[in-house]
Amino acid sequence: MDAALLLNQLFNGISVASIYLLAALGLALSFGLMRVINMAHGEMLMLGGYLAYLTLIWVPGAPGILLAIPVAFVGAAAMGALIQLSLIRRLMNRPLDTLLATWGVSLILQQAARDIFGAIGVEVRAPDWLNDSLQFGAVVIPSARLFIILVTILVLGALALLIRRTRIGLTVRAVNQDRMMAGATGIDAGRVDLVVFALGTGIAGLAGVVLALLGPVTPSVGQSYIVPAFLVVIMGGLGSVLGTTVAALLLGLFSALAQTVVDVSAAQMLLLLFVIIFIQVRPQGVISIRSRALDE
Amino acid sequence: MSDAVTSQVPAADGDRAWRRRAMALLPWLLLALGAAAPFYLSGYNLSLLGRFMAFGILAMGIVLIWGHGGILSLGQGVFFGIGAYAMAMHMKLAAAGDGQLPDFMMWSGREALPWWWEPFASPVFAILAVFLLPALLAALFSWLVFYRRVSGVYFALITQALALAFATLLISRQDVTGGFNGLTNFPSLFGLSLADQTVRDGLYWTTLALAALGYAGLRWLLATRFGNLLRAARDAENRIRFLGYNPVPFKVVAFAIAGMLAGVGGALFTMHAGNISPALVGVVPSIEMVIWAAVGGRYSLAGALVAAVALNILRDSVSSAFPELWLYLIGLVFILTVTLLPNGVAGLARRVSRR
């Protein structure tokens, strides 16, 4: 394998990791807070993609894409808030049941998308500069991939600012560390759950816009990214943004490098093996909050 | 006043004892009803019932691990698939005849049989593989995860990734697995023609016998110390450790048994349906398997068995008439059973009969 191919794959890996990360951030945040996984999270990507498609029908061209980002964010966040209020809040402390109930939501949303937009999927016409590529010697970097990485860095930066520097972030960190104590100091933990959950689904909606610029939006577009995103959450450690980022990078790079040696399906098997081997070494994830609690 | 009270109590007790006896009779009634099915069902419907009963065997395994062990597996389709493919490989080799390649291998231009296909030519090996291969794989997989004390949601998600990887691998290896279409076209089973109705009746009774055996075996197992420890590990794993037990072997053995039941179910399904494909073993079918147990009642073996049959009859009739409707319906079933009926229909029946 020559150096150029390796560099190309490295870059590929980072852009794959970016999509995994955008899909996994919301999952990881609400998992850290509530210990529940929303199986309909992949459908938030799908929702974001379709909202981008609708926005671009309404406002074509570059302003449409700029407009699609807030529209998808707000739309997916609203859907997330609805799921949180109607379902997840009722299933507090029953994480496995939450998995099953939200899977039901995912099935319904997928079928609804199939009925509304058709099973084949819709195309969002990306602006020409996105189909370009930059060339450095033998290394070719498609602009679209660069765009994903940029969006991801922006989202991560904004999220870090929100969590580290704002009052909402303070309450999130407090509930994350100790729900009961946070409640005792007057923080409304239920509201924090709602805000974080909506924020997480909003980020997934935003990721959906990015995916729509890269390929067709289909009813099952979320399903293709969600399983790796779950693996990222498992490897990341409880609710840590940094841990999730590192895990996404590890998995994205591993999967891109594995694909230089074996085909896509074998790479998927290897990815799973990698995660199983990883938890032999660090079952608590990349980053874990040290605590004396026995039952997490 | 006191007379009225004392005269009421024995009556209520008698009523309850009668109900308990009726409940104990129910499995026997179901067994008799099932055993007589070849006499009142058409050949096609009998084959459907056999297929769904094979699902029921798998669903009882989910009751063992999920209801009693607290282990949610979203990857039972993998073990179902291993049993199904093991049996299908044997039937495919039998159909091809000695030294011949199965038809789909010739179509995809393969020259020789892969080495791991060869032992499946022997019926004894194939039957052993149906029971042991899923159990061994389930044991190895779950041990790797459980002994690092990874469980709960993490375990569920890892099993889902396993289901995805398994189905993708099956689809991509067209030349040795039949790819997306899977394996199909089995004229005979252990030298007997599958077109013969008496053979099909025998196959059905074998399925029923295995389902009954699975039910009785699991009932016994769940009443032993093993069952108690499994439930204890579900409710308070750390407390079990403080008491000096290692819960890992219990969970691994339970998961292996559930894997074996899934494999047996898969093999029986393949014999009844005459095909197996990745569409039956991937992420979506695997999670639907859990809903059979959830609707029946996650703690109830009989509930899961009956619900697996009933839900699949429903699916068969709904999805042939309105294919779009089925996904909405099953989605709603997921949401409603979990929120309103966490103990399923069996839990509801128990609550009503205690009243």
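Please read all numbers here as calculations on a predicted model, not as lab measurements.

### Observations regarding the overall build of chain B
Consideration 1: Check the secondary structure of chain B and you find 16 helices and four strands.
Consideration 2: Taking 355 residues into account, the globule formula puts the C-alpha radius of gyration at 20 Å, and chain B, at 22 Å, falls close to it.
Consideration 3: For chain B, the spread of C-alpha atoms along the principal axes amounts to about 90 × 55 × 40 Å.
Consideration 4: For chain B, the residues scored as buried account for 50% of the 355 residues in total.
Consideration 5: By sequence separation, contacts in chain B at least 24 residues apart represent 78% of the contacts at least 6 residues apart.

### Comments concerning the overall build of chain A
Consideration 1: When helices and strands are counted, chain A shows 12 helices and two strands.
Consideration 2: For chain A, the N- to C-terminal ordering of α and β elements is α-α-α-α-α-β-β-α-α-α-α-α-α-α.
Consideration 3: Taken over the C-alpha trace, chain A has a radius of gyration of 19 Å; the compact-globule value for 296 residues is 19 Å, and the two agree within 12%.
Consideration 4: Overall, the C-alpha framework of chain A stretches about 60 × 45 × 35 Å when taken along its three principal axes.
Consideration 5: Counting the 296 residues in chain A, one finds 54% classified as buried.
Consideration 6: For chain A, restricting intrachain contacts to residue pairs at least 6 apart in sequence, the fraction spanning at least 24 positions comes to 76%.
Consideration 7: Accessible surface, chain A as shown: approximately 13000 Å² in total, 67% of it carbon and sulfur.

### Topic: the side chain of B:Thr337
Residues and elements named next belong to chain B.
Consideration 1: With respect to the element layout, Thr337 can be found in helix α15 (residues 323-340).
Consideration 2: In this structure the side chain of Thr337 is engaged in a polar contact, spanning 2.5 Å, whose partner is the backbone oxygen of Val333.
Consideration 3: Setting aside anything within four residues of it in sequence, one finds Thr337 in contact with Ile291, Val295 and Pro342.

### Remarks on unusual backbone geometry
Peptide bonds are mostly trans, and most non-glycine residues show a negative phi.
Residues and elements named next belong to chain A.
Consideration 1: Residues other than glycine seldom take positive phi values, yet Arg35 does so here, at roughly 60 degrees.
Consideration 2: Note that Arg35 resides in the loop between α1 (3-34) and α2 (41-58).
Consideration 3: Even without being a glycine, Asn93 presents a positive backbone phi close to 65 degrees.
Consideration 4: Within the fold, Asn93 resides in the loop between α3 (62-88) and α4 (95-117).

### Focus on the interface of chain A and chain B
Consideration 1: In this complex, chain A contributes 41 residues to the contact, which on the side of chain B involves 44 residues.
Consideration 2: Interface of chain A and chain B: buried area, both sides summed, is about 3900 Å²; carbon and sulfur atoms make up 76% of it.
Consideration 3: On the chain A side of the contact with chain B, A:Leu96, A:Leu100 and A:Trp103 bury the most area, a combined 16% of that side's loss.
Consideration 4: Taken together, chain A and chain B are joined by two salt bridges.
Consideration 5: In this structure, A:Asp97 and B:Arg298 form a salt bridge, with 2.9 Å as the shortest nitrogen-oxygen distance.
Consideration 6: The interface formed by chain A and chain B contains 10 residue pairs in polar contact (both at pLDDT 80 or more).
Consideration 7: Sorting the residues of the side of chain A that touches chain B by element identifies α4, α10 (221-236) and α12 (264-281) of chain A as the ones contributing at least two each.
Consideration 8: The element that contributes the greatest number of residues to the side of chain A that touches chain B is α4(A), accounting for 15 residues.

### Concerning the pattern of salt bridges
Residue and element names in this part refer to chain B.
Consideration 1: Under the defined criterion, the tally for this structure stands at nine salt bridges over all chains.
Consideration 2: Put simply, Lys92 and Asp103 hold a salt bridge, and the shortest N to O gap is 3.3 Å. Pair noted here: Lys92 is in helix α4 (residues 76-96) and Asp103 is in helix α5 (residues 103-107), with a separation of 11 residues, a long-range link.
Consideration 3: A relative accessible area of 24% means that Asp103 is categorised as partly exposed.

### Details of the environment of A:Val196
Residue and element names in this part refer to chain A.
Consideration 1: Counting through the fold element by element, Val196 comes out in helix α9 (residues 189-214).
Consideration 2: Residues Val196 and Gly80, spaced 116 residues apart in sequence, show a C-alpha to C-alpha distance of 9.7 Å.
Consideration 3: Other than its neighbours up to four places away in sequence, Val196 contacts Leu29, Ser30, Leu33 and Val172.

### Considerations on the UniProt feature "transmembrane region" (unreviewed entry) in chain A
Residues and elements named next belong to chain A.
Consideration 1: With numbering matched to this structure, UniProt assigns "transmembrane region" (unreviewed entry) to residues 12-32, 44-61, 67-88, 100-120, 140-163, 194-214, 226-254 and 261-281.
Consideration 2: Here residues 100-120 is 86% helix and 0% strand, with 27 Å between the C-alpha atoms at its ends.
Consideration 3: This span, residues 194-214, is 100% helix and 0% strand, and a straight line between its end C-alpha atoms measures 31 Å.

### Quick look at the environment of B:Ser47
All names here are of chain B.
Consideration 1: Along the chain, the position of Ser47 falls in helix α3 (residues 43-68).
Consideration 2: Separated by 153 residues in the primary sequence, Ser47 and Arg200 place their C-alpha atoms 7.6 Å from one another.
Consideration 3: In contact with Ser47, other than residues within four places in its own chain, are Arg200 and His272.

The rules behind the values
Residues numbered from 1 in each chain as written. Chains lettered and ligands numbered in written order. Predicted model: local features only at pLDDT ≥ 70, side-chain atom pairs only at ≥ 80, totals over all residues. Heavy atoms only, no water. Helix = DSSP H or I, 4+ residues; strand = E, 2+ residues; numbered from the N terminus. Rg over C-alpha atoms; globule rule 2.2 N^0.38 Å. Buried < 20%, exposed > 50% of the residue type's maximum accessible area, 1.4 Å probe, protein only. Contact = heavy atoms within 4.5 Å. Areas by Shrake-Rupley, 256 points an atom, 1.4 Å probe, with all protein chains shown as cover. Polar contact = N/O pair within 3.5 Å; in protein donor to acceptor, adjacent residues only side chain to side chain. Buried area = accessible area lost by both parts, 1.4 Å probe. Salt bridge = Lys/Arg side-chain N within 4 Å of Asp/Glu carboxyl O. UniProt positions renumbered as here; feature names shortened; annotations may be inferred.

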